[in-house]
Amino acid sequence: MSSVVQYPAGSVQIFDDSETACEAAAGWIANRIRDAIRVRGRAVAGLATGRTPIRVYERLVARHRAGKLSFRDVITYNLDEYYPIRPLDPNSYRAYMDRHLFAHVDIPANRAHLLDGTVPEGFTDEHCAAFDRWIAADGGLDFQLLGLGRNGHIGFNEPCELGVEAMLALPTRLIPLHPTTTADAAADFGGHADRVPRHALTMGVAPILAARSILILAFGRNKAEAVAASLQGPITSAMPGSLLQTVSPKVTWFLDAESASTL
Ligand code: GLP
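Quick look at the structure, then.

1. Some points on the nonpolar core
Stage number 1. Of all hydrophobic cores here, the largest spans 83 residues; its most connected members are L60, F71, Y82, L101, L209, L244 and W253.
Stage number 2. By residue number, the principal contributor to this core is helix α1 (residues 18-40), which donates nine residues.
Stage number 3. With sequence-adjacent residues up to four places away left out, L209 is seen in contact with L168, I214, L243, L244, T246, V247 and K250.

Here it is as structure tokens:
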């Protein structure tokens, strides 16, 4: 592992490979959970899906099975969910979280929250506003785990032409998916981009950046451009990862050598 280097968008650690980075990420999360429970009696965790964090969850489950980490006092909020989608659809993020984490640890069912892909049309605004209120009522996120889309998205906050102030204020909401995101998700839907839901519900930029700390993971050569632009480029809504520059003291990046190759 390299030493910690400061960039405009946060402190960066580059690991030899993603395996080592995932082990370090699991350690980072376990420490955040223990610290929050010690101080407030519970931990409020913002979680992510996608390929990137799968091995982080594997390692958290291993720590739980070894009796080193309990989720009894953990409350979770996931970043996003496809819309519409049934929770039992294997491609739903609810199913992903059950498969990779919730089914294997002792988290109470009513403390593991995801946006609901079955909310009736016309009520998504109400549902998303309620989700933001639940997070606030739980005292805010102690930490948010983030991945980075190939196009720089965080959660499903896609690149757009909004002014930076407007982008930073975005709440949790329904969004149309960007074509790059749909293309990247097609593999999960049997290679058929037309089977990927056209919309998603996503935690907004505002609640993400309000987390007390943020750990962002990016692995592989295909993330290198988005990583470099987010860390070193201008702050712009066209590269949502660059918005992390506005809260850099609380942001930690764990990269592998490939995703860091153009820094
Ligand atoms: C997905 C998710 C994001 C995730 C990103 C990267 O579509 N909605 O929250 O961080 O895109 O995904 P992956 O880790 O599979 O590259």
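2. With respect to the site of the ligand
Stage number 1. Around the ligand, a shell composed of G50, R51, T52, L79, D80, Y93, G147, L148, H153, G155, F156 and K223 is seen.
Stage number 2. One of the side-chain N or O atoms of T52 is found 2.5 Å from an oxygen atom in the ligand.
Stage number 3. Within the complex, the protein chains bury 88% of what would otherwise be the 390 Å² of accessible surface of the ligand.
Stage number 4. Of the residues that constitute the shell around the ligand, the class distribution is four nonpolar, five polar and three charged.

3. As for the pattern of salt bridges
Stage number 1. In total, this model carries 11 salt bridges according to the counting rule given.
Stage number 2. We note a salt bridge from E19 to R55, for which the minimum N-O separation is 2.8 Å. With E19 in helix α1 and R55 in helix α2 (residues 54-65), this residue pair connects regions lying 36 residues apart in the sequence.
Stage number 3. Accessibility expressed as a relative area gives 36% for E19, which makes it partly exposed.
Stage number 4. Classification of R55 as partly exposed rests on a relative accessible area of 23%.
Stage number 5. We note a salt bridge from E23 to R59, for which the minimum N-O separation is 3.1 Å. Taken together, the residues span a long stretch of sequence, with E23 in helix α1 and R59 in helix α2 at a distance of 36 residues.
Stage number 6. We classify E23 as partly exposed; its relative accessible area is 37%.
Stage number 7. Beyond isolated ion pairs, a larger network of salt bridges with shared partners links E19, E23, R55, R59 and R63.

How each quantity is defined
- Residues numbered from 1 in each chain as written.
- Predicted model: local features only at pLDDT ≥ 70, side-chain atom pairs only at ≥ 80, totals over all residues.
- Heavy atoms only, no water.
- Core = buried A, V, L, I, M, F, W, Y, C linked by side-chain atoms within 4.5 Å.
- Buried < 20%, exposed > 50% of the residue type's maximum accessible area, 1.4 Å probe, protein only.
- Helix = DSSP H or I, 4+ residues; strand = E, 2+ residues; numbered from the N terminus.
- Contact = heavy atoms within 4.5 Å.
- Near = heavy atom within 4 Å.
- Polar contact = N/O pair within 3.5 Å; in protein donor to acceptor, adjacent residues only side chain to side chain.
- Areas by Shrake-Rupley, 256 points an atom, 1.4 Å probe, with all protein chains shown as cover.
- Nonpolar A, V, L, I, M, F, W, Y, C, P; charged D, E, K, R; others polar.
- Salt bridge = Lys/Arg side-chain N within 4 Å of Asp/Glu carboxyl O.

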